[in-house]
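So the chains spell out like this:
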Amino acid sequence: MYSRISFPFIISILLLFVKCEKAKEKEVIEQKEDRNERELAKHLLSDYYQYTRPVRNYSSVLNVTVQPQIYNLVEVNEQNEQIKILLWFPQSWKDDYLTWDPKDWNGIERIIIPKSQIWIPDGYIFNTVEETEPLENHNARVRYDGRVEVDFNKLVDLTCPMSVLSFPFDVQLCALQFGSWSYQAHAISFNVLDTFVPKKSKNSEWDIVSFNATKMTTKYGDTLGGFNVYEEIFYYLELRRKPLYYIVVILLPSFLIVTVSNIGLFTPHGVHGDREEHVSLGLTTMLTMAVILDMVTGQMPRSAEGIPLLGMYVLIEFVISVIAVLVSVGIIFAHERMLYLDATPPYWVYKLFSDEGKMSLEEIEEDFCSKPADLVQELRFCMEEIKRYLDEQEATEKNRIIWQRFFSWADILFSIFFFIANCLVTFFMFMEFIF
């Protein structure tokens, strides 16, 4: 009887045990199915404290890897000596409190967590006038071993002292100082990766030549009489201006205006060599050069280094125009005085510009020698008077013609001189940048 009762009882117990095991297996499967990204984030952040360094050992140095990229050069303000750039600023570090075993979480190796809920290094650009983040709601990419990566984007307005002596062929070097505002070198150390500029990052006026980084350790005195030691990264951005616009708009017009003006200053008014004053033409040229000079200097900072190269060139062109006007006025004045005073040309001027091919009055007088004596005496007297009068007129006309030829050649020579001088000034001032 006892054996009959015990056997069914044992069978029921075994069935109950199997059922419990199946229930446990089902519960485990359901728990594994519930271990998704949402539950993992809740698990990681349930006891997370975001206001201190995420290291388990206080004496450990937290290494932060940075690799900035210039997405775009937005603006270069030479007058205020500032540049505005859009930066991508990826940073990564190891968070000891954001780790898990992928085997326990259905093989999840990466999750996305809002950066506002975890610790973020307080890296700042110190020499910025204004720094904004167009995308404020960043997310952090977290890996199972605790590696955290965040891509910051910053619109930065930097102070950059401008050296414009060689404008518009100038090259600018701007420094970007980056580091932690709160944590010293014993707390945070920076690992600097090679920086680069994407090929699509272009600017219509500037070329980005290089973007290099140097890490330095700097001591700053504190209010307690000690020192605070910080690690800082200095990024050096080298920019080269594209000069084509200024060559076409300012340099070439200045050269052509002065060249044409100088030629016009020494050109006679008519085909007969008539002269008129050219002061109005010279004043118009000088006014034009003054306007161009104002255009150049209006774009440059008021630096104590000196006048920019292009501004110096325009100023020299202005001086050439002034000298050409003075020389032209001097030639007109000298020519007028020579004619007014009926001055006799010097011997070397007479020999160079006289015309000896005309028939003299003595040859005309010989035609009358064959006439009767009385008639010859009368005609001789008349001829002497006529000869004296004609000699005076001939001498005056001859002097006028000689002076006219002399000053015409002076115009040609000075025109060639100022043209060559203008070409040489332009060539030597910009020779370094042409070749």
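Residues numbered from 1 in each chain as written. Predicted model: local features only at pLDDT ≥ 70, side-chain atom pairs only at ≥ 80, totals over all residues. Heavy atoms only, no water.

As a further point, take the nonpolar core. One finds Ile83, Ile85, Phe178 and Leu310 to be the most contacted residues of the largest nonpolar core, which totals 73 residues. If one sorts the elements of this core by residue count, helix H5 (residues 309-340) sits on top with nine residues. Counting contributing residues, this core receives three or more from each of domain 1 (43-241) and domain 2 (245-355 + 382-433). Those residues in contact with isoleucine 85 that lie beyond four places of it in its chain are Asn72, Leu73, Val74, Lys154, Leu155, Val156, Leu158, Leu176 and Leu237. (Core = buried A, V, L, I, M, F, W, Y, C linked by side-chain atoms within 4.5 Å. Buried < 20%, exposed > 50% of the residue type's maximum accessible area, 1.4 Å probe, protein only. Helix = DSSP H or I, 4+ residues; strand = E, 2+ residues; numbered from the N terminus. Domains from an automatic or database assignment. Contact = heavy atoms within 4.5 Å.)

Before going further, it helps to examine the state of the cysteines. This structure, assessed with the given rule, holds one disulfide. A sulfur-sulfur distance of 1.9 Å marks the disulfide that ties cysteine 160 to cysteine 174. Handedness here is read from the sign of the S-S torsion; for cysteine 160 and cysteine 174, about -80°, the answer is left-handed. Taken together, the residues cysteine 160 in the loop between strand E8 (147-159) and strand E9 (171-180) and cysteine 174 in strand E9 connect sequence positions 14 residues apart. In this structure cysteine 160 comes out as buried when scored by relative accessible area, which is 1%. Residue class for cysteine 174 comes out buried when judged on its relative accessible area of 2%. (Disulfide = S-S within 2.5 Å.)

Taken residue by residue, the protein chain gives an average pLDDT of 79. The fraction at 70 or more is 76%. Across the protein chain, the secondary-structure element scoring lowest on mean pLDDT is helix H7 (residues 361-365), at 48, and the one scoring highest is strand E1 (residues 62-66), at 93. Predicted confidence is poor over residues 357-361, with pLDDT under 50, and the contacts of this stretch with residues over four places away or in other chains come to four contacts. (pLDDT = per-residue confidence, 0-100.)

A few words on the pattern of salt bridges. Tallied over the full model, the rule gives ten salt bridges. In this structure, the salt-bridge partner of arginine 141 is glutamate 149, at a minimum N-O distance of 3.2 Å. The closest approach of N and O atoms between arginine 141 and aspartate 151, which form a salt bridge, is 3.1 Å. Highlighted residues: arginine 141 in strand E7 (residues 139-143) and aspartate 151 in strand E8, separated in sequence by ten residues. One network of salt bridges, with partners in common, ties together Glu78, Asp170, Glu205 and Arg241. (Salt bridge = Lys/Arg side-chain N within 4 Å of Asp/Glu carboxyl O.)

This part is about helix H3 (residues 244-265). Along its 22 residues, H3 runs 30 Å from first to last C-alpha, staying within 8% of the 32 Å computed at 1.5 Å per residue. The sharpest bend along H3 comes to roughly 30°, located at leucine 251, with the proline proline 253 sitting one to four residues further on. When we look at burial in H3, the residues that qualify are Tyr246, Ile250, Leu251, Ser254, Phe255, Val258, Thr259, Ser261, Asn262 and Leu265. (Expected span 1.5 Å × (residues − 1). Bend = angle between axes of the 7 residues up to and from the residue.)

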